[in-house]
Amino acid sequence: MRPVAICLLILGLGGCAGTAGVAGSIERDAAPAVRESLWQPHGCQVSVRVIDRRAETDKGEDARPHTRLFLPLIFAWYSSKGGPELLSSEQLDPDPPTSLSRLVKRIISESGLVSLEGPAYQLEVELLRYQSLSYREGSFFLFVAPGAAIITDVSKSSWPVGSALLRLTLRDQDGAEVAQRTLNSGHLASFEKSDEEPAPPLLSELAADALRESLSQLPQTLDEMLTAALDEGLEETPTRFVVARLSRDRRFVQEIEAEVLSGRILSNDWRARRGPVFARPGDWVVAPYTADGAWLSAPGYRALLDALAKAGHVAAFEENLSAARYLATPAVEGQK
Amino acid sequence: MKLSFLCSPLLLAACSSPALLDGHNPRALLALRPTAPRASAAWKGRRVLLRVTDDLSQAPSGGYFDEDAPGVTPINEIYHLNEAALALMESAADALSAAGAQVRCAYTLAPPGDAPPGAETIELGLQDFELHLWRRSGEARSRLLGRARIKGRRIGERGASPFDIEVQVNVDQRQDALRALAEQLLARLGSGAPASRGGEG
């Protein structure tokens, strides 16, 4: 076989590698666990519209390894490549807007966040990023001599990363913007996984992990947006409240649930953050949501602080205007 | 002559920086002069409310590059800074407080706390962000290399004025790169810089 034919054969085989894979599905792979009936329904209706804007913001859309070294000599060619490589969007989901739309509607329905009566709002969900990237480096060497050829084509992928970015815009009946939030998540493979060549299933899992994290924050984020839009106050003074602090990476929150009047602690748990960031990592604050997870309006939060002050708790706004720092608990017999 | 002609594109290609994202260029940041701390004296006595409106930063935020590590590429590890826009806002709040400003932060859409009367609101939208650690061959300590592009608005008594600013830093690993980025941003805003992009080292 002539050297050129050998070369073409090897390049052809190399080109086939890595194209196989099972198509993913946002609706199936990125569905978060939703705690049903966590929220008291807002008196409004919410329709969902998903817009695919990945082409406008995805820096990885044209990602491919760049040539770092190219040495064309008379009898030998050597090139070295390195750079980001994107998993094709078809492998993540053949139709992301439709799949995401179905999933968002399901999450809102399961959360019991809205009633089917009252003013109508539209939740515009812009899909700005949903991708898996890895770093691919490789080298190609070709040596040709009369009657013989040596070809090596070696490449390796590493550092797989999945990321998801959604922008939520709540619009009223006239289409005017009422509130906007961005949900941005990135997931890196663990060190053990990144030692090996990342397979397409792992890569699509990382993108789904990132999107699942964003979507797990959707109900409470939408709750905050609707609360700001409707400016609903607390109907009655809560008997329980939450003191919370965020982990250093803001992915987790330690929540201490306590009684307002007695200060008695009812629970103390670390859990994944399920809504907007409300304080600096490590700061103990009175959480801006109820013990049931419902977002408090500004008047509702101030009413809670008044109730806490009357019961002997000490909390005050400092630098953070979104949550008051919790400073002291009332003295309770038998509890420090 | 012929050999050098053939080698010129080769040398140019060899200088391209390994990066995990298009747009990241740690080698260009490494070439910056070391960034000195900047006291934001222009903000002394002012009242400021900080708020994040957008965060479009992408994972990974950056990598650890070790020139002595084996392999074709010096990338040794990758990192992602979760909620980079909020981290930058908090660093800006620290820098403003250190400069003698009265600063407040709004994390939520409708915060229940009251902003100081007459406070200027600064809205921050993080458009692009990278933060790397780079150890040069033979050196004991690494350099922290950061870049952020922030689009936002300053809302004061005289109305709202938009800005679009890119800041870059190159600091020792013992320094706080986010604080250095925030100081660069505040220096640009405090000096009444026009709403334009441009590197600042």
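Described below are features of the structure shown in this document.

What counts and what doesn't
Residues numbered from 1 in each chain as written. Chains lettered and ligands numbered in written order. Predicted model: local features only at pLDDT ≥ 70, side-chain atom pairs only at ≥ 80, totals over all residues. Heavy atoms only, no water. Helix = DSSP H or I, 4+ residues; strand = E, 2+ residues; numbered from the N terminus. Buried < 20%, exposed > 50% of the residue type's maximum accessible area, 1.4 Å probe, protein only. Contact = heavy atoms within 4.5 Å. Areas by Shrake-Rupley, 256 points an atom, 1.4 Å probe, with all protein chains shown as cover. Axes fitted to C-alpha atoms, helices over the stretch in contact; angles between N-to-C directions. Parallel < 35°, antiparallel > 145°, perpendicular 65-115°, else oblique. Left-handed = near helix turned anticlockwise from the far one by under 90°. Nonpolar A, V, L, I, M, F, W, Y, C, P; charged D, E, K, R; others polar. Salt bridge = Lys/Arg side-chain N within 4 Å of Asp/Glu carboxyl O. Pairing = 2+ DSSP bridges.

Observations concerning the overall build of chain B
Scanning chain B for helices and strands turns up four helices and seven strands. Listing every helix and strand of chain B by position from the N terminus yields α-α-β-β-β-α-β-β-β-β-α. When the 201 residues of chain B are sorted by exposure, 56% land in the buried category. If you take every contact in chain B between residues at least 6 apart in sequence, the share linking residues at least 24 apart comes to 69%. For chain B, the accessible area works out to roughly 8,800 Å², and carbon and sulfur atoms hold 53% of it.

So, the overall build of chain A
Looking only at helices and strands, chain A has nine helices and 12 strands in total. If you take every contact in chain A between residues at least 6 apart in sequence, the share linking residues at least 24 apart comes to 69%. For chain A, the exposed area adds up to about 16,100 Å²; of that, 54% sits on carbon and sulfur atoms.

Details of the packing of helix 3 (residues 84-98) of chain B against helix 4 (residues 177-190) of chain B
Residue and element names in this part refer to chain B. Two elements in contact, helix 3 and helix 4, have axes separated by 8 Å at closest approach and are oriented at 65 degrees. In terms of axis orientation, helix 3 runs roughly perpendicular to helix 4. The hand of the helix 3/helix 4 crossing is right-handed. Residues Ala-87, Leu-88, Ser-91, Ala-92, Asp-94, Ala-95, Leu-96 and Ala-98 of helix 3 form the contact with helix 4, whose own contacting residues are Leu-178, Arg-179, Leu-181, Ala-182, Glu-183 and Leu-186. Split into classes, the residues belonging to the contact of helix 3 with helix 4 amount to 10 nonpolar, one polar and three charged.

Concerning the packing of helix 5 (residues 96-111) of chain A against helix 8 (residues 218-230) of chain A
Residues and elements named next belong to chain A. For the pair helix 5 and helix 8, interaxial distance at closest approach is 10 Å and the crossing angle is 75 degrees. Here helix 5 is positioned roughly perpendicular relative to helix 8, judged by the angle of their axes. Within the contact between the two elements, helix 5 uses Val-104, Ile-107, Ile-108 and Ser-111 and helix 8 uses Leu-218, Pro-219 and Leu-222. Classifying every residue of the contact of helix 5 with helix 8 gives six nonpolar, one polar and no charged.

A closer look at the pattern of salt bridges
Enumeration according to the criterion identifies 36 salt bridges over all chains in this entry. As a salt-bridge pair, A:Arg280 and A:Glu319 come within 3.2 Å of each other at their nearest N and O atoms. With A:Arg280 in the loop between strand 9 (265-272) and strand 10 (285-286) and A:Glu319 in the loop between strand 11 (314-316) and strand 12 (325-328), this pair connects stretches of sequence that are 39 residues apart. We note a salt bridge from B:Asp128 to B:Arg147, for which the minimum N-O separation is 3.2 Å. Residue B:Asp128 is found in strand 5 (residues 120-135), and its partner B:Arg147 is found in strand 6 (residues 143-156); the two are separated by 19 residues along the sequence. When its relative accessible area of 7% is taken as the criterion, B:Arg147 is described as buried. Here the salt bridges share partners, and the residues they tie into one network are A:Arg53, A:Glu126, A:Arg167 and B:Asp54.

Structural notes on the pairing of strand 6 of chain B
Residue and element names in this part refer to chain B. Burial of strand 6 is extensive: 10 of the 14 residues sit out of reach of the surface. Sheet topology note: the strand 5/strand 6 ladder contains 13 bridges and is antiparallel. By the bridge assignment for strand 6, Glu-130 is matched with Arg-147. Direction of pairing for strand 6 relative to strand 7 (residues 159-172): antiparallel, over a ladder of 14 bridges. Bridge pairing in strand 7 links Arg-143 to Asp-172. Linking strand 6 to strand 7, which pair antiparallel, is a turn of two residues.

Points about unusual backbone geometry
Glycine aside, the phi torsion of most residues is negative, and most peptide linkages are trans. All names here are of chain B. Going from Ala-59 to Pro-60, the amide bond is cis rather than trans, its omega being -5 degrees. Note that Pro-60 resides in the loop between strand 1 (47-55) and strand 2 (62-66). Residues other than glycine seldom take positive phi values, yet Glu-83 does so here, at roughly 50 degrees. Looking at the element boundaries, Glu-83 is found in the loop between strand 3 (75-79) and helix 3.

Shape descriptors only; they carry no functional weight alone.
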